[in-house]
Each structure stands twice: as C-alpha cells, then as structure tokens.
Amino acid sequence: MENTTQTQMPLVKVSAVTKKFGGFTALSNVDLVIAPGERVGLIGPNGSGKSTLVNCISGMLKIDGGTIEFAGENISSLPPHARVHAGIARSFQIPRPFKTMSVFENIMVVLNFSGNDRKHADDTRTTEERALDIVQGVGLFGKKDHVSASLTQVELRKLELARAMAANPKVLIADEALAGLSGAEVDEILDLIMGMKEKGVSVLMIEHIMSAVMRFSERLVVLVAGNKIADGLPQDVINNPEVIKAYLGE
Ligand SMILES: Nc1ncnc2c1ncn2[C@@H]1O[C@H](COP(=O)(O)OP(=O)(O)OP(=O)(O)O)[C@@H](O)[C@H]1O
C-alpha cells in the first residue's frame, strides 16, 4: 500500500531505519517519506515504535542502520540542535515553556535564539511584531502578558505550538498534541495544526484519537512491533485487514 503519487523531492526521507535497544529491535528497516507541506498521521499500538521513530528523526536517538535525509541532505549523524536549525521542530514533549516568563517573552526567546536566523529575507517586521503575530495566530493575544504557569491546559498547547512555529520550521512533529483535551479543545488545536499547511509546513502527527487522525491525515502510516505495515490514503489504511488485526489483537 505504498503511496506512489509522490513526485516532489521529499522533505523528510527515512530509509531502512533500524533502531535497537540492547538485543531488542524497536524499529526494523522502516521507510517513511514526507513531502513538503504534507500532513502525515503515524499510528500503531502501544510500544510499536512511534516515539522511537520520531526520536530518530529529531536526533534524540542515534540510528543503528539506514539513513535519514532532510531536504536532500543526509542528517543521520547531526545532533538534535542542528536538526532544529535545519527546520525540524518537535512539539508537545520537549522543550517546555519557561514557566515564569509571559507568553510574549516565551516567543521572543525562541525568535532570538533560532527563529531570527531562519526568517524570510523579505520580512520587514521587528522581532516584537513577529512575536505578537505568532501569539495572535494561535489565539493567545489576550494572554500575551500572562506568565505561562497561569495558562490552562489548552492554552499551554497553543503556546507550545506558537513556540514551535517561532522557530520557523519546515516540518513539525506533533507527538500526542491532543492527549487529555476535551472534544472542543481537540478541534481547536487540530485546526491550528492543520492550518500549518497554509504556511507550507509539513506535519507528522502521532495520535491515538482516531477521529482526529482521520480528519488530519492526508496519508496514514502504521507501525506494528517496529515494522511499517501500511502507508497510504487514510480510508484505505484503516480498512487494511492487517491493520484491523493489529488493532483488534491489542
Ligand atoms: N530507551 C529505551 N530503552 C529500551 N527500550 C526502549 C527505549 N525506548 C523505547 N523502548 C522500547 O521500544 C519499544 C517502542 O517504544 P516506543 O515508545 O517507540 O513506542 P510507541 O509506539 O511510541 O508507544 P506509545 O504509543 O505507548 O507511546 C517499546 O517496547 C519500548 O519499551
């Protein structure tokens, strides 16, 4: 069930990646391609290797075999900060916002340390103006001067998204961004993540909430026990007997 419609140069290209923890193989020859601006859902039963795969892409884990390319460059041995700099942002696990700083200050920190390097040449806004635009973009303008420790759960997710966007990424890895939110809040955060496509940002989303995965994904990838068992259009993938068996057998 490989997607054969991809003709653009992939933004992310994971080829035959293997990751072992001691004698245990957490990922076995996994391939994954993400096109520029594409929204890809990554699902699989608990312990199937989803976090391990995104940790390999973001550089938190070293791979034991295969290659990871980003925009045509082999980044397999780059440290995490160099991958962030190249345009890979990871949200919802680390880094956490600075609790004693305001929403605005949290965005300024990211812009000063990473986003400014990667801003578009024709962007004439000041750093402060850019920070305010980002804060406004996630609906936190009214809270811009509030310390992040005072934010609600859904506001914190918005701040994390804003921090990821401030780094001006080409791909965002959203790892269980919707966990613990109410139905309306899930829709709110999902809308923000889906809106990134208009900014040209690709998103790889790990998520257990299937209704959200189906709404979000242009393509759906399934890992089971460290192997990719399906990769294609979401409707096709969820009707794949091997995928159904993997979930029912959980
Ligand atoms: N640092 C580690 N050392 C040893 N084993 C690990 C380590 N990290 C992950 N594993 C093992 O690798 C397997 C894959 O774990 P991983 O966290 O990638 O799964 P997952 O699909 O993200 O699961 P979940 O949906 O529960 O988050 C599991 O069996 C896990 O116990």
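For the structure given in this document, a descriptive report is provided here.

The rules behind the values
- Residues numbered from 1 in each chain as written.
- Predicted model: local features only at pLDDT ≥ 70, side-chain atom pairs only at ≥ 80, totals over all residues.
- Axes fitted to C-alpha atoms, helices over the stretch in contact; angles between N-to-C directions.
- Helix = DSSP H or I, 4+ residues; strand = E, 2+ residues; numbered from the N terminus.
- Parallel < 35°, antiparallel > 145°, perpendicular 65-115°, else oblique.
- Left-handed = near helix turned anticlockwise from the far one by under 90°.
- Contact = placed C-beta atoms within 7 Å.
- Nonpolar A, V, L, I, M, F, W, Y, C, P; charged D, E, K, R; others polar.
- Pairing = 2+ DSSP bridges.
- Buried ≥ 20, exposed ≤ 12 C-beta atoms within 10 Å, placed from the backbone.
- Core = buried A, V, L, I, M, F, W, Y, C linked by C-beta atoms within 7 Å.
- Domains from an automatic or database assignment.
- Expected span 1.5 Å × (residues − 1).
- Arc of directions from axis to C-beta.

**Some remarks on the packing of helix 3 (residues 103–113) against helix 4 (residues 127–137)**
- At a closest axis distance of 9 Å, the pairing of helix 3 and helix 4 adopts a crossing angle of 120 degrees. Regarding the angle of helix 3 to helix 4, the classification is oblique. As for the relative orientation of helix 3 and helix 4, their crossing is right-handed in sense. Contacts from Val103, Phe104, Ile107, Met108, Leu111 and Asn112 of helix 3 reach helix 4 at Thr127, Arg130, Ala131, Ile134 and Val135.
- When its residues are assigned to classes, the contact of helix 3 with helix 4 shows eight nonpolar, two polar and one charged.

**Focus on the pairing of strand 2 (residues 24–34)**
- Strand direction decides the pairing type here: strand 1 (residues 12–21) and strand 2, joined by seven bridges, are antiparallel. Looking across to strand 2, one finds that Lys20 is bridged to Thr25.
- As consecutive antiparallel partners, strand 1 and strand 2 are separated by two residues, and within that stretch Gly22 has a phi angle of approximately 60 degrees, a positive value.

**Side note on the pairing of strand 3 (residues 39–43)**
- Of all five residues that make up strand 3, five are buried, and the element is covered over most of its length.
- As paired strands, strand 3 and strand 8 (residues 202–206) are joined by four bridges and run parallel to one another. Bridging from a neighbouring strand, Leu42 pairs with Ile206 of strand 8.
- In the sheet, strand 3 pairs with strand 9 (residues 219–224) via four bridges, with the strands oriented parallel. Bridging across to strand 9, Val40 finds its partner in Arg219.

**A look at the nonpolar core**
- Among the nonpolar cores identified, the biggest contains 70 residues, and Ile107 and Ala162 are the most heavily contacted of them.
- Split by domain, the residues of this core number at least three in each of domain 1 (1–87 + 170–250) and domain 2 (96–168).
- Not counting residues up to four positions away in its chain, the partners in contact with Ile107 are Ala131, Ile134, Val135, Ala162, Arg163 and Ala166.

**Remarks on helix 6 (residues 183–194)**
- Here helix 6 is 12 residues long and its end C-alpha atoms lie 16 Å apart, about the 16 Å a rise of 1.5 Å per residue gives.
- Of all the positions in helix 6, only Val186, Ile189, Leu190 and Ile193 are classed as buried. Angular distribution of buried residues about the axis of helix 6 spans 105 degrees; they occupy a single face of the element. Exposed and oriented more than 90 degrees from the buried face of helix 6 are Ala184 and Asp191.

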